[in-house]
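Each chain, letter by letter, is given below.
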Amino acid sequence: QVQLVESGGGLVQAGGSLRLSCAASGRTSSGYRMAWFRQAPGKGREFVASIGLSTGTTYYTDSVKGRFTISRDNTENLVYLQMNSLKPEDTANYYCAGRYRDSADYVHWGRGTQVTVSS
């Protein structure tokens, strides 16, 4: 089993930056992929970015391209989401998620960390 714990959320003004961290413990075997999702009040969960722990291949949703960067530190089993030029519409609860290579769905989830961007 894999446990994921997020940290780094908070309140920031529009245009500011935050860095989220996700610590993974357990069996993150070769091919494990980790991602960030977010959910704003009254809205569904939205994919933000993902990264392969072995390959480093990244994907982003269009609305964060050029502003957010996902990265990993395999020695510490950490995944980061650097968020720059934050906008009020980025306000949401951000969740870390993980899946194995042969799984279509993300099966491991953290409890989330709140990000609030004030205008």
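These numbers come from a predicted model, not from an experiment. Here the residue index of a chain counts from 1 through its sequence in written order. Local features in this predicted model are restricted to residues of pLDDT 70 or higher, and side-chain atom pairs are both shown and tallied only at a pLDDT of 80 or more, whereas totals for entire chains, interfaces and linings draw on every residue. Where side-chain values are given, they derive from all heavy atoms of the structure, hydrogens and water being excluded.

1. Quick word on the overall build of the protein chain
Then step 1. Here a strand is any run of E in DSSP of at least two residues, a helix any run of H or I of at least four, and the numbering for each starts at the N terminus. Across its full length, the protein chain holds zero helices and 11 strands.
Then step 2. For the protein chain, the sequential pattern of α-helices and β-strands runs β-β-β-β-β-β-β-β-β-β-β.
Then step 3. Taking 119 residues into account, the globule formula puts the C-alpha radius of gyration at 14 Å, and the protein chain, at 14 Å, falls close to it.
Then step 4. For the protein chain, the C-alpha atoms occupy an extent of roughly 40 × 25 × 25 Å along the three principal directions.
Then step 5. Taken across its 119 residues, the protein chain has 45% of its residues classed as buried.
Then step 6. Here, Shrake-Rupley sampling with a 1.4 Å probe gives the accessible areas, and only protein chains in the shown set may cover a residue. As displayed, the protein chain offers around 6,200 Å² of accessible surface, 46% of which is attributable to carbon and sulfur atoms.
Then step 7. Here the protein chain holds 13 positive side-chain charges and 9 negative ones, and the gap between their average locations is 1 Å. C-alpha atoms define the radius of gyration, and 2.2 Å times the number of residues to the power 0.38 defines the globule rule. Summary of the burial criterion: residues with accessible area below 20% of their type's maximum are buried, those above 50% are exposed, and those between are partly exposed, where the area comes from a 1.4 Å probe applied to protein chains only. The convention is simple: Lys and Arg are positive, Asp and Glu are negative, and His and the chain ends are not counted. Charge coordinates come from a single atom per side chain, which is NZ of Lys, CZ of Arg, CG of Asp or CD of Glu.

2. Thoughts on the packing of aromatic side chains
Then step 1. Note on ring pairs: Phe, Tyr and Trp rings are taken, using the six-membered ring of Trp, and paired if centres are within 6.5 Å. Classes follow the plane angle, with under 30 degrees stacked, over 60 edge-to-face and the rest tilted. Applying the stated rule across the entire model yields four aromatic pairs.
Then step 2. An angle of 65° between the planes, with centres 5.1 Å apart, marks the rings of tyrosine 32 and tyrosine 100 as edge-to-face. Remark: tyrosine 100 occurs in the loop between β9 (92–99) and β10 (108–109) and tyrosine 32 occurs in the loop between β3 (18–26) and β4 (33–39); sequence separation between them is 68 residues.
Then step 3. In this structure tyrosine 32 comes out as buried when scored by relative accessible area, which is 0%.
Then step 4. What makes tyrosine 100 buried here is its relative accessible area of 15%.
Then step 5. Measuring from ring centre to ring centre gives 5.4 Å for phenylalanine 37 and tyrosine 106, while their planes differ by 75°; the resulting arrangement is edge-to-face. One end of the pair, phenylalanine 37, is in strand β4; the other, tyrosine 106, is in the loop between β9 and β10, with 69 residues separating them in the sequence. In this pair, the class of phenylalanine 37 matches that of tyrosine 106, namely buried.
Then step 6. Every member of this aromatic cluster is reached through a ring pair, and the members are Phe37, Phe47, Tyr106 and Trp109.
Then step 7. Throughout this description, the term charge over a ring refers to an Arg CZ or Lys NZ atom that lies within 6 Å of the ring centre and within 35 degrees of the ring normal. The ring of tyrosine 80 has arginine 19 sitting right over it, with the charged end atom 4.1 Å from the ring centre.

3. Some words on the state of the cysteines
Then step 1. A pair of cysteine sulfur atoms is labelled a disulfide when the two atoms are within 2.5 Å. By the definition in use, this model includes one disulfide.
Then step 2. Here cysteine 22 engages in a disulfide with cysteine 96; their sulfurs sit 2.0 Å apart. The chirality of the disulfide connecting cysteine 22 with cysteine 96 is left-handed, given an S-S dihedral of about -80°. Pair noted here: cysteine 22 is in strand β3 and cysteine 96 is in strand β9, with a separation of 74 residues, a long-range link. Of the two residues, cysteine 22 and cysteine 96, both sit in the buried class.

4. Some points on the nonpolar core
Note on soluble globular proteins: their nonpolar side chains tend to be buried together.
Then step 1. Only buried Ala, Val, Leu, Ile, Met, Phe, Trp, Tyr and Cys residues count toward a nonpolar core, and they belong to the same one when joined by side-chain atoms within 4.5 Å. Counting residues in each nonpolar core, the largest one holds 28 residues, and the members touching the most others are Met34, Trp36, Leu81, Met83 and Tyr94.
Then step 2. Broken down by secondary-structure element, the contributors of at least two residues to this core are β1 (2–7), β3, β4, β5 (45–52), β7 (68–73), β8 (78–83), β9 and β11 (113–118).
Then step 3. Top element by residues in this core is β3. It accounts for four residues.
Then step 4. Throughout, a residue-residue contact means that at least one pair of heavy atoms, one from each residue, lies within 4.5 Å. Residues in contact with leucine 81, not counting those within four places in the same chain, are Leu18, Arg19, Leu20, Trp36, Val48, Ala49, Phe68, Thr69, Ile70 and Tyr94.

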